[in-house]
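Residues per chain are reported as follows:
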Amino acid sequence: MKGQKILCPSPVVQGLVILVFVLGFGLNTFAQGVTPPMNVDAKDTPNDAGKSITITWEKAVDGISVANRVRGYQILRRIETGEFEEVGPLLPPETTEYKDSTIEEGTPYAYIVRAVTEDGTTFDSGETDFVKGTGEWFHTKKIPLFLAMLLFSIAIVWNIYHAQSGKEIFVRRIPGLEAVDEAIGRATEMGRSILYVLGLGGVSDVATIASMTILGQVARRTADYETPLRVPCNDPVVLNVVREIVRSSYLNEGRPDAYNEENIFFLTESQFAYAAGVDGIMVREKPAAVFLQGTFYAESLILAETGNSIGAIQIAGTASEHQLPFFIAACDYTLIGEELYAASAYLSKEPMLLGSLRGQDWGKLFIFAAIVLGVILELLGVNWITTFLQRVS
Amino acid sequence: MTRQVPLVLCFLFGIVMILTEFVPHSRSQGLYQGIVNWSLIISPFALVLAVATLIQTHWTRISRHTEHWQYSYVVFIGIIIMVLIGVPTFLNNVSFLSKIGLSFGPKSPIFEWLFNNVQVPMDATMFSLLAFFIASAAYRAFRARTFEATLLLITALIVMMGNVPIGDLIWNTVMAWTPWDDVTSTARQWILDNPNLSARRGIILGVSLGVISQSIRIILGIERSYLGGD
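Residues numbered from 1 in each chain as written. Chains lettered and ligands numbered in written order. Predicted model: local features only at pLDDT ≥ 70, side-chain atom pairs only at ≥ 80, totals over all residues. Heavy atoms only, no water.

**Some details on the confidence of the model for chain A**
Regions with low pLDDT carry predicted coordinates that are not meant to be interpreted in detail. Residue and element names in this part refer to chain A. Here chain A shows a mean pLDDT of 88. Residues at 70 or above account for 92%. Contacts from residues 1–8, a stretch scored under 50 in pLDDT, to residues over four places away or in other chains number zero contacts. Low confidence marks residues 22–31, where pLDDT is under 50. Its contacts with residues over four positions away, or in another chain, come to three contacts. (pLDDT = per-residue confidence, 0-100. Contact = heavy atoms within 4.5 Å.)

The following block contains the structure:
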């Protein structure tokens, strides 16, 4: 009976025992107070080459004491047959997302997120399912950009196609390009050379390609007038392409004998050494006309002011908007931005090229309409155009 | 045929490079990187030809005794010294040269000394000239002959006063009695953020459309001036 009494204590004693357990467990929890990161999820990163997995989680809850506050998160991963290993640095405590870019494409990985407290104690989340990185065949966030490019290209191609019908296309007068003949004529009359500077752009730079197309047209005229055309180059590949362009232009004009390869030469790849070299040519040879067409940086004003000081007629053109004020201040004529790209069509007067300019204008009209509509809608408190454009960019 | 092959290649590579922008797959990115690497491989070959033209140009100047021909010797001396010190890294294995403190290659102390104490100061000198050229160009641009030039002059003065420390000093001491706080700085920021930024964005939009239009013309083979006319 005594034994039975011991095995079955009174309700008061049972209550006390339960209270001790509850309080003991509660105090222990209160001392730690940290819950591990919750809802950990690992997904293949969308719109990438399959080289990353994105892990997201909900932040761990801090403990009360300073020692139990979360100092940061450590990501751990494993492959199907391996142990967990740390990935990347300890992340700041406010982080809830990490992109693991050190994975191998096609290999499945599982992750856990470890919360590390100030005293070094760790609290691991549950393990995620195995996920592998796969590359996508289309960047879905770029669909609007792709459609815009497609529409604009169709507009240009359509105008090029219709330009062949022979209908005259109006192109506004561009003084800088009208002056090309004047500059070449002046150099011819004075018996002095023409200096053509393509800037610092490489052969893959669109402004340099545009400059080359203008050079081709200039070379045709210099071939006719037998005016020396000097082209100092900054890029070795550009040098070779330019030689070919000028040679072909002379050949097309039936003057291969007037072409002098030595007039197209390499100076240096260094920016300011190139500026010094071109300045030296200007000061020594005093060309009657200077063309500054292409991509320019800080050397733009050094070149333009030296050209101005020798009294040469200067025609500049660049798409670098920061250099345009310098050219406008120091040169006689300046092709501003898009005029540089219109030069080839303007000078050759070919209908198909002129048609592309009209397509370009359609694009401008569309953008202008979108801006006006956006402003009106914003004033009316409707901001879906703004939101859409912000999301696309 | 000599004209058609480059045009076909240009079309194919142009289309492929556009598509790689929209296809993030590793095969697409590998193709893009491969094409970029090909273009990089071309550069050293072109550089050899470029250096040959540089030597040819200066040799001609010396042989013809054109104006300032003596400076062409400086080019040759510079090339020879930098090539002799920067290129033959195999000479680092010659114990005699190492003993007398000579080292070769692009990380050689002599090479670095020449770069830091000759080329860098000369570049800085050319860059410094910009200050004087800006002054002379500004003088011409800001002469108040027309309404537009006067507008430009006033705008430039406001922006300048808002940028330089003396502008703040004048406003916060001499003009401190006025009810407006730091008006030059505010006006400068307004000019840069509104009329200036609007004009720049207009130019950028035009340039971007021009680039696309030019690229389409080249890809479709309509623009052939870069091949030398026609």
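Once you've had a look at it, read on.
**Details of the pattern of salt bridges**
Residue and element names in this part refer to chain A. Taken as a whole and assessed by the stated rule, the structure comprises 19 salt bridges over all chains. A salt bridge links R221 to D181, with the shortest nitrogen-to-oxygen separation between them at 2.6 Å. Within this pair, whereas R221 is found in helix α5 (residues 206–225), its partner D181 is found in helix α4 (residues 175–190), the two being separated by 40 residues in sequence. For D181, a relative accessible area of 39% gives the class partly exposed. The partner of E244 in a salt bridge is R247, with the nearest N and O atoms 2.7 Å apart. Here the residue E244 and the residue R247 both occupy positions in helix α6 (residues 236–252), the gap between them amounting to three residues, near one helical turn. (Salt bridge = Lys/Arg side-chain N within 4 Å of Asp/Glu carboxyl O. Helix = DSSP H or I, 4+ residues; strand = E, 2+ residues; numbered from the N terminus. Buried < 20%, exposed > 50% of the residue type's maximum accessible area, 1.4 Å probe, protein only.)

**Details of the nonpolar core**
Among the nonpolar cores identified, the biggest contains 50 residues, and Y196, L229, V231, V242, V246 and F291 of chain A are the most heavily contacted of them. Ranked by the residues each element gives to this core, the list is headed by α5 of chain A, at nine residues. When sequence neighbours within four positions are dropped, the list of residues in contact with V246 of chain A reads L215, A219, L229, Y259 and I264 of chain A. Counting residues in each nonpolar core, the second largest holds 28 residues, with F272, V290 and C331 of chain A together with L130 of chain B among its members. (Core = buried A, V, L, I, M, F, W, Y, C linked by side-chain atoms within 4.5 Å.)

**Considering the domain arrangement of chain B**
Residues and elements named next belong to chain B. Considered domain by domain, chain B is made up of domain 1 (1–67), domain 2 (70–131) and domain 3 (142–230). Between domain 1 and domain 2, the C-alpha centre-to-centre distance is 28 Å. The interface is formed by six residues belonging to domain 1 together with five residues belonging to domain 2. In total, about 570 Å² of surface goes out of reach between domain 1 and domain 2, with carbon and sulfur atoms giving 77% of it. Of all residues in domain 1, I55, H58 and I62 give up the largest surface area on contact with domain 2, accounting jointly for 67% of the area buried on that side. (Domains from an automatic or database assignment. Buried area = accessible area lost by both parts, 1.4 Å probe.)

**Considering the sheet that holds strand β1 (residues 38–44) of chain A**
All names here are of chain A. Pairing is antiparallel across the open sheet formed by three strands, whose spatial order is β1-β2-β5. Strands with a single pairing partner mark the edges of an open sheet, and in this sheet they are β1 and β5 (97–100). This sheet shows a mean twist of 15° between the axes of neighbouring strands, independent of strand direction. Bridge count between β1 and strand β2 (residues 53–58): five bridges; the pairing is antiparallel. Among the inter-strand pairings, A42 is bridged to a residue of β2, identified as I55. (Pairing = 2+ DSSP bridges. Axes fitted to C-alpha atoms, helices over the stretch in contact; angles between N-to-C directions.)

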